[in-house]
Amino acid sequence: MIAVFLTAIGQLVLLLAVAPLVAGVIRTMKARLQTRRGPGILQPYRDLHKLFGKGMVLPQTASWIFSVTPYVVFAATAVAGLMIPMISSKAPLGLFGGVLAVVYLLGLGRFFLALAGLDAGSSFGGLGSSREMTIAALAEPAMMLAVFTVAIGANSTSLSEIARVATATTWHFLAPAQMLAFAAMYVVLIAETGRIPVDNPATHLELTMIHEAMILEYSGPYLGLIEWGASVKQLLLMTLLLNAFLPYGLRSKWSLGGLLVSLVYLLLKLLVLAVSIVLVETTNAKMRLFRVPDLLAMAFTLAALGLVSTFLF
Amino acid sequence: MGAPDALLAAALGAFLTGAVAGLAAWKRPAAARVAAMACAILGCVLLVAASVGALAFPGGGTWSLPLVTLFPCTVRLDALSAWFTLTLGVLGLAVSVYSFGYLRPMVGERNLGALGFFYNCLLLGVALVFTAANAFFFLTAWEWMAVSAFCLVAFEHEKAKTRRAAIIYLIMSHAGTVMIMAAFLLLAAFTGGTDFAGFHLAASNLPAAAQAAVFVLFFAGFGVKAGIVPLHIWLPDAHPVAPSNVSALMSGIVIKSGIYGMARVFFDFYGPPPLWSGTVVLAVGVVTAVVGVLYALQEHDLKRLLAYHSIENIGIIVMGFGAALMFRTLGYPNLAALAIVGALYHTMNHAIFKGLLFLAAGSVVQSVGTRNMEEMGGLIRRMPGTALYFLVGAVAISGLPPLNGFVSEWLTYQALLAGFGTTHSLTRLMFPIAGALLALTAALAAACFVKAFGIPFLALPRGEAAATAKEAALSMRTGMAILAASCFVLGLGATWVLPAFDPITQQAVGVRISPASIAQGVALQAGTAQSGKVSPAGIALVFLVLAGTAALLVRRRLRHANVTTAPAWDCGLPGLTSDNEYTATAFSKPLRLIFSAFYRPRREIRPEYEVSPYYPSAIRFESGIEPTFEKHFYMPLKDWVFGQARKMRAIQAGSIHAYLAYIFVTLILLLLFGVRQ
């Protein structure tokens with residue numbers, strides 16, 4: 001009991017501390033590839049610090065939904081983050097839910113964020129909510145099918161169990177089903193974290209915004225919570241992708257040295273994944289909104305092929 | 001006759017008294033309202049007690065109602081029946097409490113005596129459908145229920161639209177009844193009796209062809225009532241036009257009589273059925289769920305939107321049944337039990353949250369005077385209680401944790417996932433694909449309920465009526481509060497509720513799963529110790545702790561900061577009005593374009609001009625989607641039926657000689673037939 005509590009606290013701190021760093025690394029690397037200097041990898045921390053120190057302007061047309069949403073988004077994402085194995089193959093809150101709970105908790109945060117987008121009454125907010133829910137609805141089946149492929153391999157939806165099975169098999173990753181599901185999940189990751197080619201996190205043009213349009217009315221600490229939550233969600237999905245498919249370095253036993261090694265492994269894997277995301281972002285242009293379904297349909301097809309391939313291999 | 005049976009008898013008596021009271025107070029609407037609803041509340045409380053008793057101490061016997069008829073009026077409250085009567089009791093209780101306040105403005109304007117009569121008749125009919133233990137009595141109760149529901153749907157019969165919806169409902173309902181009747185007759189012909197006890201596992205002993213026919217007839221017949229696609233077209237018409245308390249009952253529990261019928265047939269009358277039947281049921285469930293939610297997305301009539309979501313949820317329940325049938329055939333009773341539990345739990349959950357949503361929608365419609373979402377807006381300020389309850393229902397129906405919808409969808413996912421390992425044929429691909437489409441359905445439902453809550457309740461009022469709306473009466477809010485609380489109880493307390501399924505699964509597939517797997521302490525567990533676990537209560541606890549801590553820290557920070565309220569920024573555009581707001585049509589536009597192959601949307605823009613088309617004086621805009629099923633299936637069917645009827649008119653020439661000849665020929669034929677016997 002105490003051990004579960006301590007690991008949960010530990011993982012929570014890790015999530016909250018590392019998430020802005022990952023966002024910063026991606027942003028800086030992207031700037032370098034575009035021959036800009038970039039703001040430095042610690043900029044997200046400085047942003048959060050600034051936001052939490054500021055005052056706030058609340059739109060007078062908004063209701064209590066607007067004020068509750070930042071907490072819901074933040075807490076739902078954090079709870080989901082405690083259900084995935086990060087450095088130990090046992091997720092701290094594995095008892096409370098597996099991959100389905102993670103997906104649906106992220107859905108809870110999105111639900112409230114979309115409501116908050118509508119709450120102030122501005123048309124940009126509604127535009128963002130509508131697009132966010134549309135893309136999420138299309139990404140969900142692809143994600144679930146990819147998750148199922150993995151879950152069926154492990155015969156469980158518990159992420160700890162999935163990670164354990166993946167660790168136990170050498171060259172697990174090379175199974176065609178795993179590779180296809182990985183590709184599908186990767187596309188979903190791009191869509192869910194609002195990255196090019198689906199959404200542009202750096203855009204300043206309201207008409208092309210998706211995620212940013214929903215939070216246009218937020219300021220100060222509320223904006224800080226939502227931004228922090230978004231970076232935690234990004235880290236969570238990246239870790240989920242890494243540890244479900246490439247669980248190298250995950251420890252099942254507890255020891256201080258072992259944990260440090262696992263942490264280094266995790267950070268290295270995250271760095272590689274971040275580099276790949278940066279490459280995708282710099283080599284692609286943002287898609288038209290109505291081309292995005294094609295991309296997600298491709299992800300769905302990949303995941304379905306992964307399932308079919310279980311017959312062949 | 002044990003205590004649960006006595007309570008059941010008392011509940012039936014209370015409903016009957018309520019009906020009689022409604023008739024007696026025909027001329028005095030105020031008295032009718034109080035008497036009828038008080039009896040309904042009493043009956044529902046008794047029904048809940050009876051059901052809980054029957055679930056706790058299963059094994060009640062069969063007993064007869066003292067009615068003089070040609071067939072035995074036997075009643076049996078076994079575990080399966082008790083689960084449905086429990087659902088009826090809880091929902092009926094909340095709806096009846098709500099009705100006190102809801103009907104008050106109608107006193108003196110409408111015939112509340114008739115409403116009270118048919119309302120109690122409906123409750124009585126549904127309770128009898130769930131407990132009847134004889135095919136004839138079941139069909140009688142079934143018709144009693146259908147006709148009471150028809151009268152309630154047609155309550156506002158001065159509107160042509162209402163009459164049309166009610167008639168379509170009646171026609172479809174009877175088409176379904178004919179199929180059920182045929183199936184029962186076939187079954188009775190082979191078993192030589194009409195008692196349900198005699199039908200137990202009997203359907204599987206039929207010859208293959210008869211077995212298939214009985215299965216299809218039952219599935220389609222009950223499917224009409226449940227609203228499976230493509231037999232659903234009456235549902236989105238009939239449910240919205242009824243008074244909202246009746247809509248809540250119709251969508252919450254009356255369509256569940258179809259689900260009850262399926263459960264009774266699939267898991268009581270049939271042993272393991274042939275594999276194709278399970279695959280058909282699963283496929284129909286998937287199609288129903290996806291089609292239901294897709295239509296709901298394009299609906300901007302608040303109550304019609306909810307009605308389409310009923311179709312979607314029926315699809316989810318039927319998916320569970322399909323999976324359970326397949327598992328039974330393939331020899332995995334544990335998994336079959338898991339799927340049955342998921343489906344039946346969703347049956348109750350849907351009754352609770354859909355009832356809640358219809359009641360909240362009823363408050364809104366009564367207060368604003370329209371069902372069109374585009375004329376609402378900002379109601380969260382005028383009707384805070386109703387808004388909160390609608391939000392609870394919206395979160396629950398979207399399957400989001402930690403409420404009850406999440407638990408039953410989770411169980412269904414677990415059953416579908418485990419299904420992959422049960423066979424090596426290609427059929428096993430059905431399970432994960434069905435799971436993925438369930439995910440699509442749930443995500444689309446969430447999108448739809450962002451719209452259904454966001455457009456009416458948030459932002460600025462879009463009309464005078466919405467700006468001056470009044471909060472619902474206390475009794476109405478109480479009724480909604482009961483259901484909202486139930487959403488939390490059934491979600492957070494799922495581990496304590498699920499053992500109630502033990503007697504049901506024991507009866508259906510001969511396995512008790514709760515001690516071994518489903519409920520373990522705080523966490524639900526599906527199948528073995530390695531498979532998935534979930535704990536809604538644990539999630540809620542950690543969530544509250546984290547959200548609370550964040551709120552505490554942010555509040556402390558904000559104490560010294562400058563928090564101001566100002567006009568919405570709106571990207572610098574000054575003067576935000578309700579014209580700037582996103583509409584429901586705009587919200588669902590991306591999905592309409594993406595799924596245009598399904599919707600076949602049409603739109604018409606006609607500018608009216610005097611001098612030149614470049615200077616229009618007014619522009620007419622119309623948009624809509626194609627009613628595929630009506631256009632390509634029901635209209636041709638109707639035309640065919642009418643064509644046949646026209647041909648038959650030739651023998652109805654109106655000549656007395658011809659009629660005498662018909663009678664003569666009939667007599668001769670009957671005599672020949674009689675002699676042959």
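As the structure is a computational prediction, the values presented were derived from the model and not from experiment.

A. Broad picture of the overall build of chain B. In terms of regular secondary structure, chain B is built from 29 helices and eight strands. Computed over its C-alpha atoms, the radius of gyration of chain B comes to 27 Å, within 12% of the 26 Å expected for a compact globule of 677 residues. With respect to the three principal axes, the spread of C-alpha positions in chain B is 100 × 75 × 60 Å. Buried positions account for 56% of the 677 residues belonging to chain B. Contacts spanning at least 24 positions in sequence make up 78% of the contacts within chain B whose residues lie at least 6 apart.

B. Fine view of the domain arrangement of chain B. Assigned domains within chain B: domain 1 (309-500 + 531-555 + 584-594), domain 2 (595-626) and domain 3 (635-676). Taken over C-alpha atoms, the centre of domain 2 of chain B sits 50 Å from the centre of domain 3 of chain B.

C. Inspection of the interface of chain B and chain A at higher detail. Contact residues are listed per partner, giving 70 residues for chain B and 71 residues for chain A. At the level of secondary structure, the elements contributing two or more residues to the side of chain B that touches chain A comprise α15 (379-382), α17 (404-419), α18 (430-457), β5 (533-534), α24 (536-559), β6 (563-566), α25 (584-587) and α26 (589-594) of chain B. In this structure, strand β1 (residues 56-59) of chain A lies alongside β6(B), joined through four bridges in parallel fashion. Opposite M56(A), over in β6(B), you have V563(B) as the bridge partner.

D. Structural context of the environment of V126(B). All names here are of chain B. If you trace the backbone, V126 turns up in helix α4 (residues 112-131). Residues V126 and A175 lie 49 residues apart in sequence; the distance between their C-alpha atoms is 19 Å. With residues near it in sequence (within four places) discarded, V126 still touches L88, M145, I253, V254 and S257.

E. Molecular detail of the nonpolar core. If you look at the biggest cluster of nonpolar residues, it comprises 369 residues, and the most contacted ones within it are A142(A), A184(A), A303(A) and L356(B). For this core, the element with the most residues is helix α14 (residues 333-368) of chain B, which contributes 23 residues. When neighbours within four sequence positions are excluded, A184(A) is seen to be in contact with A142(A), L145(A), A146(A), A299(A), L302(A), A303(A) and G306(A).

F. Broad picture of α24(B). Compared with an ideal rise of 1.5 Å per residue, which puts 24 residues at 34 Å, α24(B) spans 34 Å between its outermost C-alpha atoms and is within 8% of the ideal. When we look at burial in α24(B), the residues that qualify are P536(B), G538(B), I539(B), V542(B), F543(B), L546(B), A547(B), A550(B) and V554(B).

G. Local environment of the environment of P59(A). Mapped onto the elements, P59(A) comes out in strand β1. Spatially, the C-alpha atoms of P59(A) and V102(A) are 32 Å apart, while their sequence positions differ by 43 residues.

H. Structural detail: the packing of helix α5 (residues 123-154) of chain A against helix α11 (residues 292-312) of chain A. All names here are of chain A. At a closest axis distance of 8 Å, the pairing of α5 and α11 adopts a crossing angle of 15°. Overall, the two elements α5 and α11 adopt an arrangement that is roughly parallel. Note on packing geometry: the crossing formed by α5 with α11 is left-handed. Facing I135, L138, A139, P141, A142, L145, A146 and T149 of α5, the residues of α11 in contact are V292, P293, L296, A299, F300, A303, A304, G306 and L307. Each residue belonging to the contact of α5 with α11 can be placed in one class, and the counts come to 15 nonpolar, two polar and no charged.

I. Quick peek at the packing of helix α7 (residues 176-192) of chain A against helix α9 (residues 220-245) of chain A. Residues and elements named next belong to chain A. For the pair α7 and α9, the least separation of the axes is 10 Å and the interaxial angle reads 175°. Considered as vectors, α7 and α9 are oriented roughly antiparallel to each other. Listed contacts from α9 to Q178, F182, M185, Y186, L189 and E192 of α7 are L237, M238, L241 and F245. Its residues assigned to classes, the contact of α7 with α9 comprises eight nonpolar, one polar and one charged.

J. Highlighting unusual backbone geometry. With an omega of 10°, the peptide bond running from I196(A) to P197(A) counts as cis. Here P197(A) shows up in the loop between α7 and α8 (211-214). Looking along the chain, the bond that leaves P401(B) and enters P402(B) is cis, with omega of 5°. Considering the arrangement of structural elements, one finds P402(B) in the loop between α16 (384-397) and α17. Phi at N155(A) is positive, roughly 60°, even though this residue is not glycine. Considering the arrangement of structural elements, one finds N155(A) in the loop between α5 and α6 (159-168).

Rules and cut-offs
Residues numbered from 1 in each chain as written. Chains lettered and ligands numbered in written order. Predicted model: local features only at pLDDT ≥ 70, side-chain atom pairs only at ≥ 80, totals over all residues. Helix = DSSP H or I, 4+ residues; strand = E, 2+ residues; numbered from the N terminus. Rg over C-alpha atoms; globule rule 2.2 N^0.38 Å. Buried ≥ 20, exposed ≤ 12 C-beta atoms within 10 Å, placed from the backbone. Contact = placed C-beta atoms within 7 Å. Domains from an automatic or database assignment. Pairing = 2+ DSSP bridges. Core = buried A, V, L, I, M, F, W, Y, C linked by C-beta atoms within 7 Å. Expected span 1.5 Å × (residues − 1). Axes fitted to C-alpha atoms, helices over the stretch in contact; angles between N-to-C directions. Parallel < 35°, antiparallel > 145°, perpendicular 65-115°, else oblique. Left-handed = near helix turned anticlockwise from the far one by under 90°. Nonpolar A, V, L, I, M, F, W, Y, C, P; charged D, E, K, R; others polar.

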